[in-house]
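Here are the chains, one letter per residue:
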Amino acid sequence: MIDITHPYAPKSDVLAAVPARSPAELVEQRARHVNPCLSLAYREPLKIVRGSGAWLFDQHGQGYLDLVNNVCHVGHCHPRVVAAGQAQMAALNTNTRYLHDNLVEYALRLGATLPSRLSVVFFTNSGTEANDLALRLIRAHTRRSGIAVVDHAYHGHSPALVEISPYKFNGSGGGGKPAHVEVAEMPDSYRGSCRDPALAGRHYARGVADAIGRLGAGSQGAGGFFCESLLGCGGQIVLPAGYLAPAYAAVRATGGLCLADEVQVGFGRAGDAFWAFERQQVVPDIVTLGKPIANGHPMGAVVTTPEIAASFANGMEYFNTFGGNPVSCAIALAVLTVIADEQLQAQAQSVGEFLQAGLRELQSRYEFIGDVRGCGLFLGVDIVAERAERSPDRARARALVEAMKARHVLLSTDGPHDNVLKIKPPLVFSRDNASEFLQKLESVLKRE
Ligand SMILES: Cc1ncc(COP(=O)(O)O)c(C=O)c1O
């Protein structure tokens, strides 16, 4: 039995008393007692017991290079993040009805990273809670419930968000598109209806304008437009240049609000921008945050303008028991500090460029790499059966993921055809990590 604890971890008699079960036992107990609507990664699921930087370790101490975890943003178990959480947890954790420095300090520090009109923060516990609250803000401000979304998008798991997530309502078990939602074609210049980079932005923005038009006027009219700033479930898609500005103009022309869902891609991952919406030269009315905000600690946030926040303040309180508690804010403050001190946005940019160049070089030699795309440390490798046809090859993509796992590299797939290798490691992912990954990917590709 290896010692799974970090040198700086305090000892816990409670954790010491948790029995160490085999992977087979865990699978069996989960199947009986835990949420059955949840798939496990890999044919042979991994038991992961420790994380450090860009690495995860199984119960035998075997390391796995993690290219998937976009939540543990500044690295698994970053010592400064852990220390901030431990110190605050040992001092106080309570709700936000008391004054606390951490809350205000975080609101100010977060606000300083955003355009100045986005100056009011609501604290939540997840991306879903953030988007759910954003829907309420939109309804309160516009008095309309219609929402335009991008095809294949996922915005969260609450009933209201499943209704605006084509990835869910058109996926297995989904109930189809509700009447108050309209869907715009995904701005995919690789496989979509416009593949010319010079025309794609305007072309797909017209799709948003059409969706807004279909929502019409009245109480079911266009309240808002939700769009991820880089498309995750859509298959690691970078929005074409000049897309959001005309799309936002069309939404605003009818009095609707524009929301940037940065739950997956915010906090410097894009490399050339701290917020991925900035790459489109737009300022949203609402920005929603989650996943990386607190490096794996459950937290989310909505940031909006004073005017929209004022429309929501109709007398009914927004109280969230855990949202913005001193521990969450301490951890989130540490994340912002580490991103700045370790220059992780710049690292995402330089390592991302190195990775993309390496992947493109592989693409030049392996026909079944149809497309390499992305920015910063948000990359996708589109696996195809026929390059000319751009026909998705899900089976090969899945096989590559399993083969890489056998070489101790963690990847996964996404996209409407589930054929895109998604690469979004913690931002501490280094050039050496990237070289190791590329070398192992090549050894797997050779055997295909
Ligand atoms: C773009 C986007 N928005 C919202 C969510 C929901 O976040 P959470 O799982 O924290 O509720 C997700 C989660 O995958 C997401 O990717």
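Everything below is about the structure printed above this text.
What counts as what
Residues numbered from 1 in each chain as written. Predicted model: local features only at pLDDT ≥ 70, side-chain atom pairs only at ≥ 80, totals over all residues. Near = placed C-beta within 6 Å. Helix = DSSP H or I, 4+ residues; strand = E, 2+ residues; numbered from the N terminus. Nonpolar A, V, L, I, M, F, W, Y, C, P; charged D, E, K, R; others polar. Expected span 1.5 Å × (residues − 1). Buried ≥ 20, exposed ≤ 12 C-beta atoms within 10 Å, placed from the backbone. Core = buried A, V, L, I, M, F, W, Y, C linked by C-beta atoms within 7 Å. Domains from an automatic or database assignment. Contact = placed C-beta atoms within 7 Å.

Caption draft 1: Quick peek at the site of the ligand. Taken together, 15 residues lie near the ligand, and Ser 126, Gly 127, Thr 128, Gly 156 and Val 263 sit nearest. Here the shell around the ligand takes three residues from helix α5 (residues 127-142), the largest share from any one element. Tallied by class, the residues present in the shell around the ligand amount to two nonpolar, 10 polar and three charged.

Caption draft 2: Spotlight on α5. Relative to the 22 Å expected for 16 residues at 1.5 Å per residue, α5 spans 22 Å between its end C-alpha atoms, a close match to the ideal helical length. Among the 16 residues that make up α5, 13 are buried, leaving the element largely enclosed by the rest of the structure. Taken from the residues just after α5, Arg 143 is the one with a positive phi, measuring 60°.

Caption draft 3: Seen up close, the environment of Pro 10. Relative to the helices and strands, Pro 10 resides in the segment before α1 (13-16). Distance from Pro 10 to Gln 86, taken between C-alpha atoms, is 9.2 Å for residues 76 residues apart in sequence.

Caption draft 4: Representation of the nonpolar core. Ala 148, Val 208, Phe 225, Ala 301 and Val 335 are the most contacted members of the largest nonpolar core, which totals 121 residues. Sort the elements by how many residues they give to this core and helix α11 (residues 326-341) lands first, with 10 residues. Among the domains, domain 1 (13-68 + 343-447) and domain 2 (81-341) are the pair contributing at least three residues each to this core. The residues touching Ala 148, leaving out its near neighbours within four places in the chain, are Glu 182, Ala 184, Val 208, Ala 211, Ile 212, Leu 215, Ala 222 and Phe 225.

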